[in-house]
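Understanding the architecture of this molecule
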Amino acid sequence: MPIRNIAIGRADEATHPDALKAALAEFISTLIFVFAGSGSGIAFNKLTNDGATTPAGLISAAIAHAFALFVAVSVGANISGGHVNPAVTFGAFVGGNITLLRGILYWIAQLLGSVVAALLLKFVTGGLAVPTFTLSAGVGVWNAVVFEIVITFGLVYTVYATAVDPKKGNLGIIAPIAIGFIVGANILAAGPFDGASMNPAVSFGPALVSWSWENHWVYWVGPLIGGGIAGLVYEFFFISHTHEQLPTTDY
């Protein structure tokens with residue numbers, strides 16, 4: 001069972017060169033993703049004079065995030081696994097595919113990458129507001145939590161199926177684009193309701209820079225629950241008892 005594979009990690013793992021290189025890769029990939037994704041929101045607001053969200057804006061956001069995540073995962077895949085998301089890292093941890101200490105390094109790097117991206121966006125745009133994730137009118141916090149659970153489950157399940165599963169074969173080649181596509185599709189589905197974060201790091205950087213924390217917990221609780229469930233489900237039903245466990249260095 002996945003729970004048996006959960007590991008804390010070695011004490012020296014936090015300073016191991018390979019772990020530090022992986023953390024740096026996560027920092028850079030997350031910076032790339034947040035800069036492009038949040039930047040597209042700033043650009044749309046500028047072009048429309050801060051107009052209300054429109055179908056065209058939603059489609060633009062979905063495409064920008066899908067493309068950016070495709071690139072961010074691709075450039076980090078061979079170094080860190082290309083998580084670019086604390087929820088993905090948490091899903092990998094509960095499935096026994098990454099140690100706790102390495103996962104914490106990834107989390108720190110991902111959050112820092114998001115913060116730096118948000119700061120850079122604020123600077124290069126001359127102080128324009130960096131968009132934060134908020135709930136739409138009529139959407140309750142628990143509605144949003146469930147939205148985040150479901151769409152993050154879909155994201156992390158896709159990660160497992162295309163990048164983690166030992167029998168993925170040539171399917172692993174399309175993992176980055178599949179991961180980007182599911183994020184874009186989820187934005188189209190849930191974006192008008194709660195912004196469709198699926199990623200605590202993506203929410204954290206803009207929230208810190210804009211100092212806007214209203215309902216911010218939603219974008220941690222929902223994705224972590226969804227990612228954890230996906231990791232447990234895929235590991236227990238489709239990997240455990242049928243395949244050898246992946247070494248933690250492989251993902």
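Residues numbered from 1 in each chain as written. Predicted model: local features only at pLDDT ≥ 70, side-chain atom pairs only at ≥ 80, totals over all residues. Heavy atoms only, no water.

Bringing the overall build of the protein chain into the picture now. Assigned secondary structure in the protein chain consists of 9 helices and 0 strands. Listed N to C, the secondary structure of the protein chain is α-α-α-α-α-α-α-α-α in terms of helices and strands. Oriented by its inertia axes, the alpha-carbon framework of the protein chain measures out at about 55 × 35 × 35 Å. For the protein chain, the proportion of contacts with a sequence separation of at least 24, taken over those separated by at least 6, is 82%. As displayed, the protein chain offers around 11400 Å² of accessible surface, 71% of which is attributable to carbon and sulfur atoms. Looking at charge distribution, the protein chain has the averaged site of its 8 positive side-chain charges lying 4 Å from that of its 12 negative ones. (Helix = DSSP H or I, 4+ residues; strand = E, 2+ residues; numbered from the N terminus. Contact = heavy atoms within 4.5 Å. Areas by Shrake-Rupley, 256 points an atom, 1.4 Å probe, with all protein chains shown as cover. Lys, Arg positive; Asp, Glu negative; His and termini not counted. Charge placed at Lys NZ, Arg CZ, Asp CG, Glu CD.)

Before going further, it helps to spend a moment on the UniProt feature "transmembrane region" (unreviewed entry) in the protein chain. UniProt's entry tags residues 22–44, 56–75, 87–108, 115–135, 141–160, 172–193 and 217–237 with the feature "transmembrane region" (unreviewed entry), counted in the numbering of this structure. The annotated region residues 141–160 carries 100% helix and 0% strand content, and the separation between its end C-alpha atoms amounts to 28 Å. Along residues 172–193, the helical share is 86% and the strand share 0%, with 32 Å between the first and last C-alpha atoms. (UniProt positions renumbered as here; feature names shortened; annotations may be inferred.)

Look at helix 5 (residues 100–124): 36 Å from first C-alpha to last across 25 residues, which is about the 36 Å you get at 1.5 Å a residue. Gly-126 occupies a position one or two residues after helix 5 and carries a positive phi of about 75°. (Expected span 1.5 Å × (residues − 1).)

Moving on: the packing of helix 5 against helix 8 (residues 200–210). Where helix 5 contacts helix 8, the axes come no closer than 8 Å and their chain directions differ by 45°. Judged by the inter-axis angle, helix 5 sits oblique to helix 8. Note on packing geometry: the crossing formed by helix 5 with helix 8 is right-handed. On helix 8, the residues touching Gln-110, Leu-111, Ser-114, Val-115, Ala-118, Leu-119 and Lys-122 of helix 5 are Ala-201, Val-202, Phe-204, Gly-205, Pro-206, Leu-208 and Val-209. (Axes fitted to C-alpha atoms, helices over the stretch in contact; angles between N-to-C directions. Parallel < 35°, antiparallel > 145°, perpendicular 65-115°, else oblique. Left-handed = near helix turned anticlockwise from the far one by under 90°.)

Looking now at the packing of aromatic side chains. Applying the stated criterion across every chain yields a total of 13 aromatic pairs. Each ring, one from Trp-211 and one from Trp-213, has its centre 5.4 Å from the other, and the planes form 90°; the classification is edge-to-face. Taken together, the aromatic side chains of Phe-153, Tyr-157, Tyr-160, Tyr-234 and Phe-238 make up a single cluster linked through ring pairs. (Phe/Tyr/Trp six-rings, centres within 6.5 Å; stacked < 30°, edge-to-face > 60°.)

On the surface, Leu-24, Ile-28, Ile-32, Phe-70, Val-71, Val-75, Leu-171, Ile-173, Ile-174, Ile-177 and Phe-181 cluster together into a nonpolar patch covering about 950 Å² of accessible area. When residues of the nonpolar patch are traced back to their parent elements, those giving at least two are helix 2 (17–47), helix 3 (55–77) and helix 7 (175–194). Here Ile-177 is to be found in helix 7. Among the residues examined, Ile-177 registers a relative accessible area of 33% and is labelled partly exposed. (Patch = residues over 30% accessible without salt bridge, like charges linked within 9 Å, V, L, I, M, F, W, Y side chains within 5 Å. Salt bridge = Lys/Arg side-chain N within 4 Å of Asp/Glu carboxyl O. Buried < 20%, exposed > 50% of the residue type's maximum accessible area, 1.4 Å probe, protein only.)

Another aspect to go through is the nonpolar core. Counting residues in hydrophobic clusters, the biggest one holds 36 residues, and the most contacted among them are Phe-33, Leu-69, Ile-187 and Met-198. Among the elements of the structure, helix 2, helix 3, helix 6 (141–164), helix 7 and helix 9 (218–239) are those that each provide at least two residues to this core. The biggest single contributor to this core is helix 6, with 9 residues. Beyond its immediate chain neighbours, meaning those up to four positions away, Phe-33 contacts His-65, Ala-68, Leu-69, Ala-72, Val-84, Asn-199 and Val-202. (Core = buried A, V, L, I, M, F, W, Y, C linked by side-chain atoms within 4.5 Å.)

What follows deals with helix 7. By the largest-angle criterion, Leu-188 marks the main kink of helix 7, which is about 45°, and a proline, Pro-192, follows within four residues. Taken residue by residue, helix 7 has Ala-175, Pro-176, Ala-178, Ile-179, Gly-180, Val-183, Gly-184, Asn-186, Ile-187, Ala-190, Gly-191 and Asp-194 as its buried positions. Two residues or fewer after helix 7 comes Gly-195, characterised by a positive phi angle close to 90°. (Bend = angle between axes of the 7 residues up to and from the residue.)

Attention now moves to the packing of helix 6 against helix 9. In the contact formed by helix 6 and helix 9, the axes pass within 7 Å of each other and the chain directions differ by 40°. Taken together, the axes of helix 6 and helix 9 lie oblique to each other. The crossing of helix 6 and helix 9 is right-handed. Of the residues assigned to the contact of helix 6 with helix 9, the class counts are 21 nonpolar, 5 polar and 2 charged. (Nonpolar A, V, L, I, M, F, W, Y, C, P; charged D, E, K, R; others polar.)

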